[in-house]
Each structure stands twice: as C-alpha cells, then as structure tokens.
Amino acid sequence: MAMKRTCFLYIFSAAFAACMGLAFMTGCGSNDPNAEAKKILEDRCQMCHDLPQKNMKAPEEWKPFLEGHAARAELTQEQVETLAKYLAAR
Ligand code: HEC
C-alpha cells in the first residue's frame, strides 16, 4: 500500500513538472521581455554567426556594441534596448 502511494506521488510530480516546463516554454512566454530578446537573437543574429555568449562582454558594453552592430542586424532602437537589457542581465 505504502509503495503504491509513493509511486503515484512520483508520477504525479513528474507529470506536474513536465506540464510546468511546457507552459513555461510555450504559453507564458509571450509577454516576457526575455522571450522577446531570445526571439530577436534567434531571428536576427544567427544569420551571420552563432549566438553571442553571455560572458562575451561586460554588462555595460552590450548597449554601445549593439548600437553599432544594429545596422548589420537591422534592429530597431527598441530591439536594441530589449537585447541590451537581456544580454546585460544574463
Ligand atoms: C549581417 C551579419 C551580422 C548580423 C545579422 C549580426 N552580426 Fe554580429 N557580427 C558580424 C560579424 C561579421 C562579426 C565579426 C566582426 C566584427 O565584430 O565586426 C560579428 C561579431 C559579433 C560579436 C563579437 C564582437 C566582439 O567584440 O567580439 C558579437 C557579440 C555579435 N556579433 C553579436 C551580434 C548580435 C547580438 C546580433 C543580433 C542582434 C548580431 N551580432 C547580428 C555580423 C553580423
């Protein structure tokens, strides 16, 4: 009896965790500025090179760098801000 209950709890929590993971990756992402930043990275930065590593630049270096690099990636000022925040905070 005790065995069965443990097993049930285990399956339940595994299913719960999987569910939360899925919700995190799909649904709740849309209003999250990080999701926005990740999308810009995937859409705009991978055309020319791999995604930049977070430790590539100091937090305060990202914005000026992106402002210079934005012409290449055709980013709007808004996208620069979103990305700069995301990359600096990682
Ligand atoms: C049109 C091509 C192109 C696009 C799009 C592009 N890059 Fe680059 N990127 C380059 C080239 C070429 C270099 C290497 C030469 C240089 O730094 O000028 C580079 C270098 C870099 C570096 C290294 C610079 C350093 O100081 O070591 C980073 C970080 C970077 N890019 C980030 C990004 C990000 C973030 C995006 C998306 C917003 C992006 N790039 C989009 C062409 C591109």
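Structure: see above.
What comes next concerns the included structure.

Rules and cut-offs
- Residues numbered from 1 in each chain as written.
- Predicted model: local features only at pLDDT ≥ 70, side-chain atom pairs only at ≥ 80, totals over all residues.
- Helix = DSSP H or I, 4+ residues; strand = E, 2+ residues; numbered from the N terminus.
- Expected span 1.5 Å × (residues − 1).
- Near = placed C-beta within 6 Å.
- Nonpolar A, V, L, I, M, F, W, Y, C, P; charged D, E, K, R; others polar.
- Core = buried A, V, L, I, M, F, W, Y, C linked by C-beta atoms within 7 Å.
- Buried ≥ 20, exposed ≤ 12 C-beta atoms within 10 Å, placed from the backbone.
- Contact = placed C-beta atoms within 7 Å.
- Arc of directions from axis to C-beta.
- Axes fitted to C-alpha atoms, helices over the stretch in contact; angles between N-to-C directions.
- Parallel < 35°, antiparallel > 145°, perpendicular 65-115°, else oblique.
- Left-handed = near helix turned anticlockwise from the far one by under 90°.

**Some words on helix H3 (residues 62–73)**
Under the 1.5 Å per step criterion, the end-to-end length of H3 is only 14 Å for twelve residues, more than 12% shorter than the ideal 16 Å. Following H3 by one or two positions, glutamate 74 adopts a phi angle in the positive range, close to 55°.

**Describing the site of the ligand**
Taken together, Arg44, Cys45, Met47, Cys48, His49, Pro52, Met56, His69, Arg72, Ala73, Leu75 and Leu83 are the residues near the ligand. The set of elements that each furnish at least two residues to the shell around the ligand consists of helix H2 (33–45) and H3. For the shell around the ligand, the element with the most residues is H3, which contributes three residues. Split by residue class, the shell around the ligand holds eight nonpolar, two polar and two charged.

**As for the nonpolar core**
Among the nonpolar cores identified, the biggest contains seven residues, and these are Ala37, Trp62, Leu66, Val80, Leu83, Ala84 and Leu87. Secondary structure elements with two or more residues in this core: H3 and helix H4 (77–89). Top contributing element to this core by residue count: H4, with four residues. Other than its neighbours up to four places away in sequence, leucine 87 contacts Lys54 and Trp62.

**Things to note about the environment of glutamate 60**
Note that glutamate 60 resides in the loop between H2 and H3. For glutamate 60, a count of 10 C-beta atoms within 10 Å corresponds to the exposed category.

**Let's talk about H4**
The end-to-end C-alpha distance of H4 is 18 Å, a good match for the 18 Å that 13 residues give at a rise of 1.5 Å each. When H4 is considered as a whole, its buried residues turn out to be Val80, Leu83, Ala84 and Leu87. Taken end-on, H4 shows its buried residues confined to a sector of 105°, consistent with a single buried face. Opposite the buried face of H4, at more than 90 degrees from it, the exposed residues are Glu78 and Ala89.

**Thoughts on the packing of H3 against H4**
Put simply, H3 and H4 touch, their axes get as near as 9 Å, and they point 140° apart. Classified by the angle their axes make, H3 and H4 are oblique. Viewed along their axes, H3 and H4 form a crossing whose handedness is right-handed. Contact residues: H3 offers Trp62, Lys63, Leu66, Glu67 and Ala70, while H4 offers Val80, Leu83, Ala84, Leu87 and Ala88. For the contact of H3 with H4, the class distribution of residues is eight nonpolar, no polar and two charged.

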